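# Structural overview for review
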Amino acid sequence: MKLTDEQMMIQSMVREFSRKVILPTASERDQTKEFPYANLKKMGELGLMGMMVPREYGGEGADTISYVLALSEIAYSCAATAVVMSVHNSIVCESIFKFGTEEQKKKYLPKLTSAEIIGAFALTEPQAGSDPLSQTTSAIRKGNQYIINGTKRFITTGKNSGIVIVTAKTNESIGHKGISAFIVKRENPGMIVGNVENKMGLCASDTTDLIFENCSVPIEDRLGKEGEGFKLAMTALDSGRIGISAQSVGVAQAALDSAIKYSKEREQFGQKISKFQGLRWIVADMATEIEAGRQLMLSAASMKDRGEKFTVQASMAKLFASEMVNRIVAKALQIHGGYGFIKDYPVERFYRDARVFTIYEGTSEIQRVVISNNLFKDKRG
Ligand code: CAA
């Protein structure tokens, strides 16, 4: 795919920023688990926190291709920062732009695009992961308010977000048409941050429970129509899944570059290990797989930019790229030998960070459900 001059300019600008500003502290952040708020603010100033939001709401009005190129560059340096950027842009900003009222867009988008506040998305529950229809969080209408009760789980930026898009059942008896979405502000006393997960990777991005205890949300903060929450979540996840493919491509490229660098430095049996054909062929396969993932990512992004339905391509890009990066980081670690297993080399962090990519925003198995349902045009085949 040929990139435009503008897309290439955005890519090189973000690459330079990411390597200069994000990369130097990524390893430290992984250890301290400090939320990268200062860097996210800088990303907001650069236009990276509302890339696809039109300029009238404070965004950049960029296309999805530019966005995934930028996201890959951030993921190259720090996957934890990239997941916050991904959820914020692809899920939160986009949902408000697509489903919000004019008032909501004016009220929330400028704060999000400047990174004054970071957004989170709460769909998953302790007993409702792959099957979000079985969620039990309820939102009962009382006058001009909805009263939300329930628990959400594994919420990216659950603790550090300024607003959370929350789905809840407004009607128990009508399946997905009984689910609605709400914008809940951090200061709302009914939304409580519960357990903060102790994760194997993406350590600087917080993942938490959010507990809703009689959380009162004004009717004007319902996002979309009543009953539109499931559709909103599925639409958001289509975009989010392209974002995860971009994260995967970024981390895979970082792992490949690390492996090449290491193999050119390391000597065994009297020569650099990069001279061994066994290693060179592994590296050739790695580069080929990354390119395949990149092209799937760009293809899904370009379909979205053309206004075509891209659900299947987003799932294919997410499925392939997230599985691919896990193969790549394992090979890159193997090339590093014993040094790959210690924290002095970044490949150890890449290996841990990539593991969740086949799980969040829909497991690989769910992507196969989406793809095969479309092929058979029938859920049961
Ligand atoms: N876009 C728009 N609407 C869609 C849609 C899409 N991609 N997919 C489904 N819908 C609509 C359907 O049209 C249907 O509406 P109608 O009846 O009006 O036609 C409705 O949604 C129900 O569709 P299905 O019957 O196909 O839904 P389902 O219950 O069989 O579920 C599923 C389909 C694909 C399995 C879905 O449940 C799914 O994607 N599950 C995975 C959930 C997931 O990815 N969770 C990750 C959590 S988010 C996360 O990880 C966030 C983070 O912080 C990083």
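Coordinates for the structure precede this section.
Everything in this summary refers to the structure shown in the same document. Only a predicted model underlies this, so the values are computations on that prediction, with no experimental measurement involved.

## Section: the overall build of the chain
A tally of regular secondary structure across the chain gives 11 helices and 10 strands. Here the C-alpha atoms of the chain give a radius of gyration of 21 Å, agreeing with the 21 Å that 2.2 N^0.38 yields for 381 residues. Counting all 381 residues of the chain, 55% fall into the buried class. The contacts in the chain between residues at least 6 apart in sequence include a share of 74% that link residues at least 24 apart. Here the chain displays about 16,700 Å² of accessible surface, and carbon together with sulfur accounts for 55% of that area.

## Structural notes on the pattern of salt bridges
In this structure the tally under the stated criterion is 20 salt bridges. Between Lys272 and Glu267 there is a salt bridge, and its shortest N-O distance comes to 3.4 Å. Taking the relative accessible area as the measure of exposure, Lys272 reaches 31% and is therefore partly exposed. Given a relative accessible area of 45%, Glu267 falls into the partly exposed group. It is possible to trace a salt-bridge network through shared partners that takes in Asp30, Lys343, Glu348 and Arg352.

## Some remarks on the packing of helix α9 (residues 311-335) against helix α11 (residues 364-376)
For the pair α9 and α11, the least separation of the axes is 9 Å and the interaxial angle reads 145 degrees. For the element pair α9 and α11, the recorded crossing hand is left-handed. The residues of α11 that touch α9, namely those facing Thr311, Val312, Ser315, Met316, Lys318, Leu319, Ser322 and Glu323, are Ser364, Gln367, Arg368, Val370, Ile371 and Asn374. When grouped by side-chain class, the residues that make up the contact of α9 with α11 number five nonpolar, six polar and three charged.

## With respect to a nonpolar patch on the surface
Where nonpolar side chains cluster on the molecular surface, the patch consists of Tyr339, Phe341 and Ile342 and spans about 330 Å² of accessible area. Structurally, Ile342 can be placed in the loop between α9 and α10 (347-354). For Ile342, a relative accessible area of 35% gives the class partly exposed.

## Examining the packing of aromatic side chains
Inspection of the entire model under this criterion finds seven aromatic pairs. When the ring of Tyr262 is compared with that of Tyr339, the centres are 6.3 Å apart and the planes differ by 50 degrees; the resulting orientation is tilted. Of the two residues, Tyr262 is situated in helix α7 (residues 229-265) and Tyr339 in the loop between α9 and α10; the sequence distance between them amounts to 77 residues. The class of Tyr262 is buried, set by a relative accessible area of 7%.

## Notes on helix α4 (residues 64-77)
With 14 residues, α4 extends 20 Å from end C-alpha to end C-alpha; this agrees with the ideal 20 Å at 1.5 Å per step. The buried count for α4 comes to 14 of 14 residues, which makes it a mostly enclosed element.

## Quick notes on the packing of helix α5 (residues 79-99) against helix α6 (residues 102-113)
One way to put it is that α5 packs onto α6 with a least axis distance of 9 Å and a crossing angle of 160 degrees. One way to sum up the angle between α5 and α6 is to call them roughly antiparallel. Along this stretch, α5 crosses α6, giving a crossing that reads as left-handed. Contacts between α5 and α6 involve His88, Val92, Cys93, Ile96 and Phe97 on the former and, on the latter, Gln104, Lys105, Tyr108, Leu109, Leu112 and Thr113. Across the contact of α5 with α6, the residue classes break down as seven nonpolar, three polar and one charged.

## Brief notes about unusual backbone geometry
Of note, the phi angle at Leu202 is positive, near 50 degrees, even though the residue is not glycine. Within the element layout of this structure, Leu202 appears in the loop between β6 (191-196) and β7 (207-218).

Rules used throughout
Residues numbered from 1 in each chain as written. Predicted model: local features only at pLDDT ≥ 70, side-chain atom pairs only at ≥ 80, totals over all residues. Heavy atoms only, no water. Helix = DSSP H or I, 4+ residues; strand = E, 2+ residues; numbered from the N terminus. Rg over C-alpha atoms; globule rule 2.2 N^0.38 Å. Buried < 20%, exposed > 50% of the residue type's maximum accessible area, 1.4 Å probe, protein only. Contact = heavy atoms within 4.5 Å. Areas by Shrake-Rupley, 256 points an atom, 1.4 Å probe, with all protein chains shown as cover. Salt bridge = Lys/Arg side-chain N within 4 Å of Asp/Glu carboxyl O. Axes fitted to C-alpha atoms, helices over the stretch in contact; angles between N-to-C directions. Left-handed = near helix turned anticlockwise from the far one by under 90°. Nonpolar A, V, L, I, M, F, W, Y, C, P; charged D, E, K, R; others polar. Patch = residues over 30% accessible without salt bridge, like charges linked within 9 Å, V, L, I, M, F, W, Y side chains within 5 Å. Phe/Tyr/Trp six-rings, centres within 6.5 Å; stacked < 30°, edge-to-face > 60°. Expected span 1.5 Å × (residues − 1). Parallel < 35°, antiparallel > 145°, perpendicular 65-115°, else oblique.

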